[in-house]
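Residue-level listing of the chains:
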Amino acid sequence: MNWVKEQLDELKNAGRYVPIRVLESSQGAEVVIEGRKVLNMCSNNYLGLAGHPEIKKAAIDAINTYGIGAGAVRSIAGTMEIHVKLEEKVAQFKHMDAALVYQGGLLANLGTIPILIGKEDVVFSEELNHASIIDGMRLSSAKKYVFNHMSTEDLDKKLKEYRKEGKRSLVVTDGVFSMDGDIAKLKELSEMREKHDTMLYVDDAHGEGVLGKNGRGIIDHFNLQGKVDVEMGTFSKAMGSMGGFVSGSAELIDLLRQKARPFLFSSGLNPADAASVMKAIEILEKDDSLIRKLWKNTEILQSGLRDAGFRLTSTKTPITPVVTGDEKKTVEMSRILYQDEKIFASPIVFPTVAKGVARIRLMPSAVHSEEQMKITVEGFERAGKKLGILN
Ligand SMILES: Cc1ncc(COP(=O)(O)O)c(C=O)c1O
């Protein structure tokens, strides 16, 4: 087992060993780490729903009614009425025919993609797709072609050339790119779907609760109902809880219930999580003030950082990546922010992003104050100067 230490040393020498900070409080604008209150600038709790009192109550009520665990895989004895109600709710919220709830977003991708395509088929994957999509494609054994980031032209060219290699074809993309914050050109991709007889699958993990009317996500944002075959998402980010889903035609969902491996071979989502998500959707349907607050904070943070001279990606969403480039410098920047500025902002390094474009990805939320956005910019300025990133 000596290789384990060798690999750890390799990571440390390359500056890619990321310390795992442990939270001693619930998620929120501030969190307690090592007994100190710090400003939390890197969780995905976009709307602050992870600590919302009505949602906590819904979870406790669900525990009282359904207990702690689902007790079995969904296909044997682990389907509870709360799962079915949630599936109906998600489908209605998303304006899709039907939905299937999984235990996480990663599992939704791993479970669904290999049902859509197999070894006789072909898949066209966006260059910056999330790791769970990549793993889902690997499990499918389909022949894979990667198209350039945001390039419908490259996709068109590759579909022309290679579509015929597969019986079925799937184009798969992140909706919002999680490390850059830009938004897929879903309208153009849906035109490719028509033109080249291919299915289209979008991972809306970072669009839920952020894009579209009342946070309905990317399909609603572009008004593309009926033009995308599968919308996948997670409940672990804006929804503040845990779990994932796919939505699509009723027949597809029916087939997934018979074949998707996380449905057949892993126990169902805990009832408290399902009830939390139901409540989160109800809150979003009623009122979009949290979403508006999220976007307002985003604007203050991003313009402040740009004005201070930091290089951000071409983000179009609250995802706010400050690109520092050098991996060691990025880890050091995160340490200074944490130690000196009491700002919790984890470094993102290879393999999560490519080498040379390491970054600190900031995530503003609806529960931050405008003042906290300004404090973050000022803290970044001081840390950036210490490290020579800013003059
Ligand atoms: C684009 C994307 N897809 C899928 C996932 C996985 O979601 P979950 O955390 O629910 O497993 C994430 C979360 O990291 C993500 O950013």
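Everything numeric in this text was worked out from a predicted model, so none of it was measured.

A. Fine view of the site of the ligand. Taken together, 14 residues are adjacent to the ligand, and Gly105, Leu106, Asp203, Thr234 and Lys237 come closest. Between aspartate 203 and the ligand, the recorded distance is 2.6 Å, taken from a side-chain N or O atom to a nitrogen atom. Against a free-state accessible area of 390 Å², the protein chains account for coverage of 83% of the ligand. Grouping the constituent residues of the shell around the ligand by class yields two nonpolar, nine polar and three charged.

B. A look at the sheet that holds strand 9 (residues 244–248). Strand order in the open sheet formed by seven strands is 3-9-8-7-6-4-5, with mixed pairing between adjacent strands. Among the strands making up the open sheet, the edge pair consists of strand 3 (98–102) and strand 5 (143–147). Each adjacent strand pair in this sheet contributes to an overall mean axis angle of 20°, direction not counted. Pairing of strand 4 (residues 122–126) with strand 5, which is carried by five bridges, proceeds in the parallel orientation.

C. Spatial organisation of the environment of alanine 272. If you trace the backbone, alanine 272 turns up in helix 11 (residues 271–286). Look at alanine 272 and you get buried, because its relative accessible area is 13%. Residues alanine 272 and arginine 382, 110 residues apart in the sequence, show an inter-C-alpha distance of 43 Å. Not counting residues within four places of it along the chain, the set of residues in contact with alanine 272 comprises Ala59, Ala62 and Ile63.

D. Just the pairing of strand 7 (residues 199–203), in detail. Extensive coverage of strand 7 is indicated by the burial of four of its five residues. Running through helix 7 (residues 186–196), the crossover from strand 6 (residues 169–174) to the neighbouring parallel element strand 7 is right-handed. The pairing of strand 7 with strand 8 (residues 230–234) spans three bridges and is classified as parallel. Considered in strand 8, the bridge of valine 202 is made with glutamate 231.

Definitions and cut-offs
Each residue is numbered by its place in its chain's sequence as written, counting from 1. Since the coordinates come from a predicted model, pLDDT governs what is reported: local features require at least 70, and pairs of side-chain atoms require 80 or more to be given and counted, while whole-chain, interface and lining totals use all residues. As a rule here, side-chain values cover all heavy atoms of the structure and leave hydrogens and water aside. Whether a residue is near a molecule or strand is decided by its heavy atoms; if any one of them lies within 4 Å of it, the residue is near. Between N or O atoms, a polar contact is any pair within 3.5 Å; within protein, one atom must be a potential hydrogen donor and the other a potential acceptor, and residues adjacent in sequence are included only when both atoms are from side chains. Only the protein chains shown count as cover for residues, with accessible areas throughout obtained via the Shrake-Rupley method and a probe of 1.4 Å. Residue polarity follows a fixed list, in which Ala, Val, Leu, Ile, Met, Phe, Trp, Tyr, Cys and Pro are nonpolar, Asp, Glu, Lys and Arg are charged, and the others, Gly among them, are polar. Strands pair, by our definition, only if DSSP identifies at least two bridges between them. For helices the rule is a DSSP run of H or I covering at least 4 residues; for strands it is a run of E covering at least 2, with both sets numbered from the N terminus onward. The convention used is that axes are lines fitted to C-alpha atoms, helices contributing only their stretch in contact, and that angles between N-to-C directions extend from 0 to 180 degrees. For each residue, the accessible area found with a 1.4 Å probe, counting protein chains only, is set against the maximum for its type, and the residue is called buried under 20%, exposed over 50%, and partly exposed in between. The criterion used for residue contact is that any of the two residues' heavy atoms lie within 4.5 Å. A clockwise course of the path from the first strand over the helix to the second, judged with the strands pointing away from the viewer, identifies a crossover as right-handed.

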